[in-house]
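One letter stands for each residue in the lines below.
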Amino acid sequence: MEIYPAIDIRGGNVVRLTNGDYGREQIYSDDPEKVAAYFAGCGAKNLHIVDLDGAREGALVNADIIKRTAKNSGLFIEVGGGVRSLTRIEEYINAGAGRVILGSVAVDNFTLITDAVKFFGDKVAVGVDASGGKVAIHGWQTVTDTDAFEFCKRLKESGVRTVICTDISKDGAMQGTNLEAFKELQGIGGVNIIASGGITYYEELAALRKIGVYGAVVGKALYTGALDLKRVIRENGEGDAC
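Residues numbered from 1 in each chain as written. Predicted model: local features only at pLDDT ≥ 70, side-chain atom pairs only at ≥ 80, totals over all residues. Heavy atoms only, no water.

Caption draft 1: Highlighting the overall build of the protein chain. Scanning the protein chain from N- to C-terminus turns up 11 helices and 12 strands. Relative to the 2.2 N^0.38 estimate, which gives 18 Å for 242 residues, the radius of gyration of the protein chain is 16 Å and therefore close to what a compact globule would have. Expressed along its principal axes, the backbone C-alpha trace of the protein chain runs to roughly 45 × 35 × 35 Å. Within the protein chain, the proportion of its 242 residues that are buried is 54%. Of the contacts made within the protein chain by residues no fewer than 6 positions apart, 67% connect residues no fewer than 24 positions apart. (Helix = DSSP H or I, 4+ residues; strand = E, 2+ residues; numbered from the N terminus. Rg over C-alpha atoms; globule rule 2.2 N^0.38 Å. Buried < 20%, exposed > 50% of the residue type's maximum accessible area, 1.4 Å probe, protein only. Contact = heavy atoms within 4.5 Å.)

Caption draft 2: Up close: the packing of aromatic side chains. Inspection of the entire model under this criterion finds four aromatic pairs. On the numbers, 6.1 Å between centres and 70° between planes, the contact of phenylalanine 39 with tyrosine 223 is edge-to-face. Taken as a pair, phenylalanine 39 in helix α1 (residues 32-41) and tyrosine 223 in helix α10 (residues 220-224) lie far apart in primary sequence, 184 residues in all. Tyrosine 223 matches phenylalanine 39 in its accessibility class, with the two residues each being buried. When the ring of phenylalanine 110 is compared with that of phenylalanine 151, the centres are 6.0 Å apart and the planes differ by 75°; the resulting orientation is edge-to-face. Residue phenylalanine 110 is found in helix α6 (residues 110-120), and its partner phenylalanine 151 is found in helix α7 (residues 148-157); the two are separated by 41 residues along the sequence. Among the aromatic residues, those joined into a ring-pair cluster are Tyr28, Tyr38, Phe39 and Tyr223. A cation over a ring is seen here: arginine 56 above tyrosine 22, with NZ or CZ 4.2 Å from the ring centre. In this structure, arginine 231 is placed above the aromatic ring of tyrosine 202, and the distance from its NZ or CZ to the ring centre is 3.6 Å. (Phe/Tyr/Trp six-rings, centres within 6.5 Å; stacked < 30°, edge-to-face > 60°. Lys NZ or Arg CZ within 6 Å of the ring centre and 35° of its normal.)

Caption draft 3: Structural context of the side chain of aspartate 167. Within the secondary structure layout, aspartate 167 lies in strand β10 (residues 162-167). Here asparagine 178 takes part through its side chain, which lies 2.8 Å from a polar atom of the side chain of aspartate 167. The contacts of aspartate 167, once residues within four sequence positions are left out, are Ala130, Asn178, Ser196 and Gly197. (Polar contact = N/O pair within 3.5 Å; in protein donor to acceptor, adjacent residues only side chain to side chain.)

Caption draft 4: Highlighting the pairing of strand β7 (residues 124-131). Counted residue by residue, β7 has seven buried out of eight residues, so it is predominantly covered. Note that strand β6 (residues 99-102) and β7 share three bridges and pair parallel. Considered in β7, the bridge of leucine 102 is made with valine 126. For β7 and β10, the ladder comprises six bridges, and the chain directions are parallel. Bridged to aspartate 129 within β10 is threonine 166. Pairing of β7 with strand β8 (residues 134-137) involves two bridges; the strand directions are antiparallel. Considered in β8, the bridge of serine 131 is made with lysine 134. The turn linking β7 back onto β8 is made up of two residues, and glycine 132 within it adopts a positive phi angle of 60°. (Pairing = 2+ DSSP bridges.)

Caption draft 5: Representation of helix α9 (residues 202-211) in the model. Of the residues making up α9, those classed as buried are Tyr202, Glu204, Leu205 and Leu208. Around the axis of α9, the buried residues are gathered within 160° of arc, so they sit on the same side. Relative to its buried face, α9 has exposed residues pointing more than 90 degrees away, namely Glu203 and Lys210. In this structure, the buried residues of α9 make contact with β1 (2-10), α8 (179-186), β11 (192-196), β12 (215-218) and α11 (229-235). Just downstream of α9, glycine 212 is the residue with a positive phi angle, here 105°. (Arc of directions from axis to C-beta.)

Caption draft 6: Spotlight on the packing of helix α4 (residues 86-94) against α6. Where α4 meets α6, the closest approach of the two axes is 10 Å, and the angle between their N-to-C directions is 35°. Seen from above, α4 lies across α6 with right-handed handedness. Where α4 abuts α6, its residues Leu86, Ile89, Glu90 and Ile93 lie against Leu112, Asp115, Ala116, Phe119 and Phe120. Its residues assigned to classes, the contact of α4 with α6 comprises seven nonpolar, no polar and two charged. (Axes fitted to C-alpha atoms, helices over the stretch in contact; angles between N-to-C directions. Left-handed = near helix turned anticlockwise from the far one by under 90°. Nonpolar A, V, L, I, M, F, W, Y, C, P; charged D, E, K, R; others polar.)

Fair warning: the whole summary comes from geometry, so function is off the table for now.
Laid out in structure tokens, this is it:
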């Protein structure tokens, strides 16, 4: 199972939100590149990075920081937040991102998803953020009527290879993740599921690995010390931690 330590950027800072609430923000660093370097030093191969300002505003607000991180970190980076056109996908790929995550636009303009898969293949992923089983968009500020599970099935049928799924009610709450949802999603088959949202315990990571999910995004638990990245990596087969 691939481990993706997470960096969420808002106002140039590394932050974590609770339940996607922009009013419940904790700042952990003013230097995202330094945090990425720390993760790399702990043995990480991957990085999940989100431009929270971009997700909310529909623009690449923190793109310069993200591009520098992609260029200098040596990590496989998947990046999202405000990516709503083929041009923006290409911009991040050219800057060194390994995979670009589409979010709100997948609901607002599904045709862009099929075009993105056609042009960029597995360098494109879709982030499906769920609130009460429904897809939330625009920085999690709008909950749609779209069923999250059915939407993931539609993405698979459109050729999307990787889907990052987040239960917003669990995200940043430090109370565990939604294992049952990921079990259900694994039943779709033919798509790489990356679990995200509230992963807090080592036992959860073992359970996710047993379920067979492709990867796991680990965020706030790393910043609070609830999880040690070196141990997480060591126990999940990513190679030897430092």
